[in-house]
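Remarks on the overall topology
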Amino acid sequence: MLAVKNPSDSTRFVFGKILDVDYLADTFTLHYWGTTSKNLARVPLAPEYFDPQDGKSLFTTRLLPHYVPATSLFDMVDVLCPPFALTVKKAVPHSVLSQLSALGFVGVVLAFSP
């Protein structure tokens, strides 16, 4: 997984998995992963797909044959932190959220344990 600058708003970031790398052009294609929740520290991420039948995008692991992966082309300079693996629960590791916070992308990350 990677965290990269959002292509439409460089003050935000997105997560994704690399699908393809062009080493000569220093670019890569990223399949977006995300969630609709605001709690990145505890919520599992899922890949994003576009449903051409209804024109909507969704985060899901339950694919239908007509879903198309949501992807974008990025430059290597857009990478915000080293590649990382999701936790066992498919959440973003706290170390990654701390790095993004240090870069000014995540204001406050709180996680409470019972």
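Residues numbered from 1 in each chain as written. Predicted model: local features only at pLDDT ≥ 70, side-chain atom pairs only at ≥ 80, totals over all residues. Heavy atoms only, no water.

1. Some points on the nonpolar core
In this structure, Phe15, Phe84, Val92 and Leu100 are the most contacted members of the largest nonpolar core, which totals 17 residues. Residue assignment for this core shows that the elements contributing at least two residues are β2 (9-22) and α1 (94-102). When residues in this core are grouped by element, the largest group, 3 residues, is from α1. In this structure Phe84 touches Met1, Leu2, Ala3, Phe15, Val92, Pro93 and Val96, once residues within four positions along its chain are discounted. The next biggest cluster of nonpolar side chains, apart from the first, holds 8 residues, and it includes Val14, Leu30, Tyr32 and Phe74. (Core = buried A, V, L, I, M, F, W, Y, C linked by side-chain atoms within 4.5 Å. Buried < 20%, exposed > 50% of the residue type's maximum accessible area, 1.4 Å probe, protein only. Helix = DSSP H or I, 4+ residues; strand = E, 2+ residues; numbered from the N terminus. Contact = heavy atoms within 4.5 Å.)

2. Structural notes on the packing of aromatic side chains
Note on aromatic pairs: each is described by the distance of the centres and the angle between the planes. Going through the model one piece at a time under the given rule, you end up with 6 aromatic pairs. Seen in terms of ring centroids, Phe13 and Phe15 are 5.2 Å apart; in terms of plane orientation they differ by 70°. Their pairing is edge-to-face. With respect to burial, Phe13 and Phe15 carry one shared label: buried. Among the residues examined, Phe15 registers a relative accessible area of 4% and is labelled buried. The rings of Phe13, Phe15, Phe84 and Phe105 are connected pair by pair, giving a single aromatic cluster. (Phe/Tyr/Trp six-rings, centres within 6.5 Å; stacked < 30°, edge-to-face > 60°.)

3. Re the side chain of Thr27
The residue Thr27 is located in strand β3 (residues 27-34) in this model. On the accessibility criterion, Thr27 (11% relative accessible area) is buried. Sequence-distant contacts of Thr27, that is, excluding residues within four places in its chain, are made with Val21, Asp22, Leu73, Phe74, Asp75 and Met76.

4. Remarks on the environment of Leu103
Here Leu103 lies in the segment after α1. Separated by 22 residues in sequence, Leu103 and Cys81 have C-alpha atoms that sit 9.6 Å apart.

5. Some remarks on a negative patch on the surface
A contiguous patch of negative charge on the surface is contributed by Asp20, Asp22, Asp26 and Asp75. Along the chain, Asp22 falls in strand β2. (Patch = residues over 30% accessible without salt bridge, like charges linked within 9 Å, V, L, I, M, F, W, Y side chains within 5 Å. Areas by Shrake-Rupley, 256 points an atom, 1.4 Å probe, with all protein chains shown as cover. Salt bridge = Lys/Arg side-chain N within 4 Å of Asp/Glu carboxyl O. Lys, Arg positive; Asp, Glu negative; His and termini not counted. Charge placed at Lys NZ, Arg CZ, Asp CG, Glu CD.)

6. Quick look at unusual backbone geometry
Although it is not a glycine, Asp26 sits at a positive phi angle of roughly 55°. One can find Asp26 in the loop between β2 and β3. On the basis of relative accessibility, which here comes to 45%, the residue Asp26 falls in the partly exposed class. Phi at Lys90 takes a positive value of approximately 65°, unusual for a residue other than glycine. Relative to the helices and strands, Lys90 is located in the loop between β7 (71-75) and α1.

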